[in-house]
Amino acid sequence: MQRVYDSLTEQHDLRLVFLAGLICIAACLISLNLFVRANDVARDRPLSWLLGAATVFGAGMWAFHFISELAFEPGFPINYDAGLTAISLVAAIEAVWLAMFVAHRFATPVLGGAMIGAGIAAMHYIGMAALRAPAQLHWDAGYVLVSIAIAMTFAAAAMRVSSWGPALRGRLMAVVLLVLAIVGLHFTAMAAVICNS
């Protein structure tokens, strides 16, 4: 836990992290409301709502991730491969769409949520593969596994809570859990980065 805290406070511009957090909260709130709406409409017409929810959530978590990457200050210049960065955005939206479709179509919010968590992880690690630096980057496997577990666990819990119905309290709790899934994965995963010059 100390390593995660040190990575956040010593290697990130906290102003950009704050901006990224606001975007993350807004994306989670909007996408969750769209997902709940998809569950309320007739069974043959939810796909446009699911696509909207997945696009907002995928783009929002990608924006959080990318702004937080821009906030990352490891002590040497870094930049990003545009192609892999774009692929991470597309992967985010597609993974979340599939996960929300599964959660909706088969009434399995926990499975759908776990798939959302896996999508968050895929997006993050594809995005990190796009990082270019004058140093060798290695990953601490333990932190990588913990980051994925955090995303899958919190996202599964969020989708479970969201299935309780349209009550405001349940939706807000689900939003908090989704934010924790994204933020928890990102900063745990960033603590997994080991830079060797």
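Given the structure is predicted, the values throughout are model-derived calculations rather than measurements.

**Q** I tried to follow the overall build of the protein on my own but got confused; where do I start?
**A** The helix and strand tally for the protein stands at seven helices and four strands. Its helices and strands taken in sequence order, the protein reads α-α-α-β-α-α-β-β-α-α-β from the N to the C terminus. Counting only residues that meet the buried cut, the protein has 48% of its 197 residues in that class. Restricting the contact set of the protein to residue pairs at least 6 apart, pairs at least 24 apart contribute 82%.

**Q** Could you clarify how one ought to interpret the nonpolar core in this entry?
**A** Buried together is how nonpolar side chains tend to be arranged in soluble globular proteins. One finds C28, F57, M61, M100, I116, I120 and I182 to be the most contacted residues of the largest nonpolar core, which totals 46 residues. Contributing elements (two or more residues each) for this core: helix 2 (14-40), helix 3 (47-71), helix 4 (82-105), helix 5 (109-129), helix 6 (141-162) and helix 7 (168-191). Sort the elements by how many residues they give to this core and helix 7 lands first, with eleven residues. Those residues in contact with I120 that lie beyond four places of it in its chain are F57, M61, A151, A181, I182 and L185. Judged by nonpolar contacts, the second largest core, of six residues, contains F72, Y80, M128 and V193.

**Q** Would you take a moment to explain the packing of helix 2 against helix 3 for this structure?
**A** A pair of packed helices can be characterised by two numbers: the angle between their axes and the separation between those axes. Here helix 2 crosses helix 3 at 170°, and the two axes come no closer than 8 Å. With respect to helix 3, the axis of helix 2 lies roughly antiparallel. For the contact of helix 2 with helix 3, the residue count by class is 22 nonpolar, five polar and one charged.

**Q** Hey, could you run me through the side chain of S162 in this one?
**A** One can find S162 in helix 6. The residues contacting S162, other than those within four sequence positions of it, are L32, F35, V36 and A174.

**Q** Any chance you could explain the packing of helix 6 against helix 7 here in plain terms?
**A** Put simply, helix 6 and helix 7 touch, their axes get as near as 8 Å, and they point 175° apart. As far as their axial angle goes, helix 7 and helix 6 are roughly antiparallel. Residues Y143, V146, S147, I148, I150, A151, F154, A155, A157, A158, V161 and S162 of helix 6 form the contact with helix 7, whose own contacting residues are G170, M173, A174, L177, L178, L180, A181, G184, L185, T188, A189 and A191. Grouping the constituent residues of the contact of helix 6 with helix 7 by class yields 19 nonpolar, five polar and no charged.

**Q** How should I be thinking about a nonpolar patch on the surface in this particular structure?
**A** Where nonpolar side chains cluster on the molecular surface, the patch consists of L29, L168 and L172 and spans about 280 Å² of accessible area. Counting through the fold element by element, L29 comes out in helix 2. For L29, a relative accessible area of 36% gives the class partly exposed.

**Q** Explain the packing of aromatic side chains to me, please; I cannot follow it from the model alone.
**A** For any two aromatic rings, the description comes down to two numbers: the centre-to-centre distance and the angle of the planes. A complete count under the given rule lists five aromatic pairs for this structure. When the centroid spacing of 6.2 Å and the interplanar angle of 85° are considered together, the rings of F64 and F187 count as edge-to-face. In this pair, F64 is assigned in helix 3 and F187 in helix 7, connecting sequence segments 123 residues apart. Residue class for F187 comes out buried when judged on its relative accessible area of 6%. On the numbers, 5.5 Å between centres and 65° between planes, the contact of F66 with Y80 is edge-to-face. With a gap of 14 residues between them, F66 in helix 3 and Y80 in strand 1 (residues 79-80) connect regions that are remote in the sequence. Owing to a relative accessible area of 18%, Y80 belongs among the buried residues under this scheme. Here the aromatic residues W62, F66 and Y80 are joined through ring pairs into a cluster of three or more. Over the ring of F106 we find R105; its NZ or CZ atom is 5.6 Å from the centre of that ring.

**Q** Honestly, the side chain of D13 in this entry has me stumped. Any pointers?
**A** Its location among the elements puts D13 in the loop between helix 1 (2-11) and helix 2. What makes D13 buried here is its relative accessible area of 13%. Within the structure, the side chain of D13 is placed 2.9 Å from the side chain of R15, a separation counted as a polar contact. Setting aside anything within four residues of it in sequence, one finds D13 in contact with A71 and E73.

Parameters and conventions
- Residues numbered from 1 in each chain as written.
- Predicted model: local features only at pLDDT ≥ 70, side-chain atom pairs only at ≥ 80, totals over all residues.
- Heavy atoms only, no water.
- Helix = DSSP H or I, 4+ residues; strand = E, 2+ residues; numbered from the N terminus.
- Buried < 20%, exposed > 50% of the residue type's maximum accessible area, 1.4 Å probe, protein only.
- Contact = heavy atoms within 4.5 Å.
- Core = buried A, V, L, I, M, F, W, Y, C linked by side-chain atoms within 4.5 Å.
- Axes fitted to C-alpha atoms, helices over the stretch in contact; angles between N-to-C directions.
- Parallel < 35°, antiparallel > 145°, perpendicular 65-115°, else oblique.
- Nonpolar A, V, L, I, M, F, W, Y, C, P; charged D, E, K, R; others polar.
- Patch = residues over 30% accessible without salt bridge, like charges linked within 9 Å, V, L, I, M, F, W, Y side chains within 5 Å.
- Areas by Shrake-Rupley, 256 points an atom, 1.4 Å probe, with all protein chains shown as cover.
- Salt bridge = Lys/Arg side-chain N within 4 Å of Asp/Glu carboxyl O.
- Phe/Tyr/Trp six-rings, centres within 6.5 Å; stacked < 30°, edge-to-face > 60°.
- Lys NZ or Arg CZ within 6 Å of the ring centre and 35° of its normal.
- Polar contact = N/O pair within 3.5 Å; in protein donor to acceptor, adjacent residues only side chain to side chain.

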